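Secondary and tertiary structure notes
Here is how the chains run, residue by residue.
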Amino acid sequence: LVARRAASYTTGRRVVQVHAVTNVSRNPNMGKLKAGYLFPEINRIKNAHLEKKPDAAIISLGIGDTTEPIPAPIIDGMISSVSGLGTPAGYAKYGGYGPGEGQAELREKIASRFYPGGEVSADEIFVSDGSKCDISRLQMLFGPNRNVAVQDPSYPAYVDSSVMNGHATSFDASTKQYGNITYLSCNSNNNFFPNLAHANDSEIIFFCSPNNPTGAAATREQLTDLVAHAKENGSIIIYDAAYASYIENPDCPKSIFEIPGADECAIETCSFSKYAGFTGLRLGWTVVPENLKFADGFSVKADWNRLMNTTFNGASNVAQAGGLACLSDEGWNAMTELVGFYKENASILKRTFEDMGYTTYGGTNAPYVWVSFDGQDSWEVFTEILEKCDIVVTPGSGFGPAGDGFIRASAFGHRDSILEATERLKKAFTK
Ligand SMILES: Cc1ncc(COP(=O)(O)O)c(/C=N/[C@@H](CCC(=O)O)C(=O)O)c1O
């Protein structure tokens, strides 16, 4: 026992004592992950740069994290919630554990505000602490060894949570893909909408529109094809609408449930993060339709409800009060203004790269501009931009192998930072 507890080994003449180990073997799926999660890795590199250049005035066009303060009407809603928690009546109403699926009033409001066509009812809406968290809980819902398809490139949480939850075999360094995950390439040749025939065997299809990182918003026709494909193959779509409010093209639906039949093959997750600056406050929701059934006819919603009530004690009551304030007329207008501010940043960035001679995608229906560097290694471009401009972007290959040759510029920034970044980029990279 002592030998096992205090595993040690000799290197040449020295006996090196290592820390005691446990008896518990590591989850082999965690061992398959090829690197750290993308954004903390980028942050680590940024900090190393600052070590070298302590006076560098770094501008981040990297992680899509909001920068503008939460608008007053929403703050007021939270302040009154907090004050209420300090009174017996207020605490009695909202102080303890709330319903795992979220406060009824908030669920009703989300249904009426985000699904005005009545496509979704309040009891199909499950309030959470954000979409990223729900993506991993959805992985738990389906269990291991699933055939999963993702857009390539796409939000890294889909692939990484799929690897963690046992859907993937090992990482193939030559293809830069995990085995058993289907990468649906999205590029300028297919107008960033994948060939769905490649997903014929996929049980679960992660689909994000507007897509992170390309900024491509799928059209009604494309989403109709996606729903038809899922119904034909018996797949379930996990539709990520985290940026839907940035869509301005009327031909691009804001929800998959605008497509008839989607309630029999899709789950939709969304979030207040990028709409109201709730990235730190943590509030999102996931829609699991009444009509969505597993192969044996069992309700997916029933299992999701059981899972949420077992794994999660509900989104913070203060955050839910904030969400409710977002959906008041004043709050909704304030959110719309905030989204408009970031959209303006995106168009400034898009215009700048275009004027510099670069081909860009996205940036119109999304807060991300996808910039082609003509096949150059995206981590090299990332490093060059950091070294020359003290600007952090996100290397395209971080979103999947089809992202290489691109960088993603995020529009989440103060206006003066965005303008300063454009000046630095023009100076260093104009073709
Ligand atoms: C398609 C998509 N879905 C969900 C999220 C996260 O939503 P929340 O967990 O609600 O804040 C994000 C957040 N993405 C940021 C933050 C990074 C991260 O969440 O890992 C980014 O891509 O820079 C996202 O892009």
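Our structure's up above, just so we're on the same page.
Residues numbered from 1 in each chain as written. Predicted model: local features only at pLDDT ≥ 70, side-chain atom pairs only at ≥ 80, totals over all residues. Heavy atoms only, no water.

Things to note about the overall build of the chain
Each helix and strand counted, the chain has 15 helices and 17 strands in total. The C-alpha radius of gyration of the chain comes to 23 Å, within 12% of the 22 Å expected for a compact globule of 431 residues. Reported as C-alpha extents along the three principal axes, the dimensions of the chain are approximately 70 × 65 × 55 Å. Out of the 431 residues belonging to the chain, those deemed buried represent 52%. (Helix = DSSP H or I, 4+ residues; strand = E, 2+ residues; numbered from the N terminus. Rg over C-alpha atoms; globule rule 2.2 N^0.38 Å. Buried < 20%, exposed > 50% of the residue type's maximum accessible area, 1.4 Å probe, protein only.)

What about the nonpolar core?
If you look at the biggest cluster of nonpolar residues, it comprises 84 residues, and the most contacted ones within it are Ile110, Phe114, Ile237, Ile256, Phe272, Trp285 and Met335. Counting residues in hydrophobic clusters, the runner-up holds 35 residues, among them Leu61, Ile348, Val371 and Leu425. (Core = buried A, V, L, I, M, F, W, Y, C linked by side-chain atoms within 4.5 Å.)

Focus on the site of the ligand
With respect to spatial proximity, 20 residues lie near the ligand, and among them Tyr37, Gly64, Tyr243, Ser273 and Arg282 are the closest. For the ligand, a nitrogen atom lies 2.8 Å from a polar atom in the side chain of Asp240. The separation between an oxygen atom of the ligand and a polar side-chain atom of Arg282 is 2.7 Å. Elements that contribute at least two residues to the shell around the ligand include exactly helix H7 (131-142) and helix H10 (273-276). Looking at the shell around the ligand residue by residue, the class counts come to nine nonpolar, six polar and five charged. (Near = heavy atom within 4 Å. Polar contact = N/O pair within 3.5 Å; in protein donor to acceptor, adjacent residues only side chain to side chain. Nonpolar A, V, L, I, M, F, W, Y, C, P; charged D, E, K, R; others polar.)

Here we look at the packing of aromatic side chains
Given two aromatic rings, one states the distance between the centres and the angle between the planes to describe the pair. Enumeration over the complete set of coordinates arrives at 29 aromatic pairs. Between the aromatic rings of Tyr246 and Phe412, the centroid separation amounts to 6.2 Å while the plane-to-plane angle is 85 degrees, which identifies the pairing as edge-to-face. Here Tyr246, found in the loop between strand S10 (236-240) and strand S11 (266-271), pairs with Phe412, found in the loop between strand S17 (406-410) and helix H15 (415-429); they are 166 residues apart in sequence, far enough to count as distant. Residue Tyr246 is classed as buried on the basis of its relative accessible area, which comes to 0%. Take Phe412: its relative accessible area is 2%, and that puts it in the buried class. Seen from their ring centres, Tyr361 and Phe406 are 6.2 Å apart, and the 55 degrees between their planes marks the pair as tilted. Of this pair, Tyr361 sits in strand S13 (residues 360-362) while Phe406 sits in strand S17, placing them 45 residues apart in sequence. (Phe/Tyr/Trp six-rings, centres within 6.5 Å; stacked < 30°, edge-to-face > 60°.)

Structural notes on helix H6 (residues 104-114)
Residues of H6 that are buried include every one of Leu106, Arg107, Ile110, Ala111 and Phe114, and no others. Angular distribution of buried residues about the axis of H6 spans 135 degrees; they occupy a single face of the element. As for H6, its buried residues are in contact with strand S4 (125-128), H10, strand S12 (284-287), helix H12 (317-326) and helix H13 (329-355). (Arc of directions from axis to C-beta. Contact = heavy atoms within 4.5 Å.)

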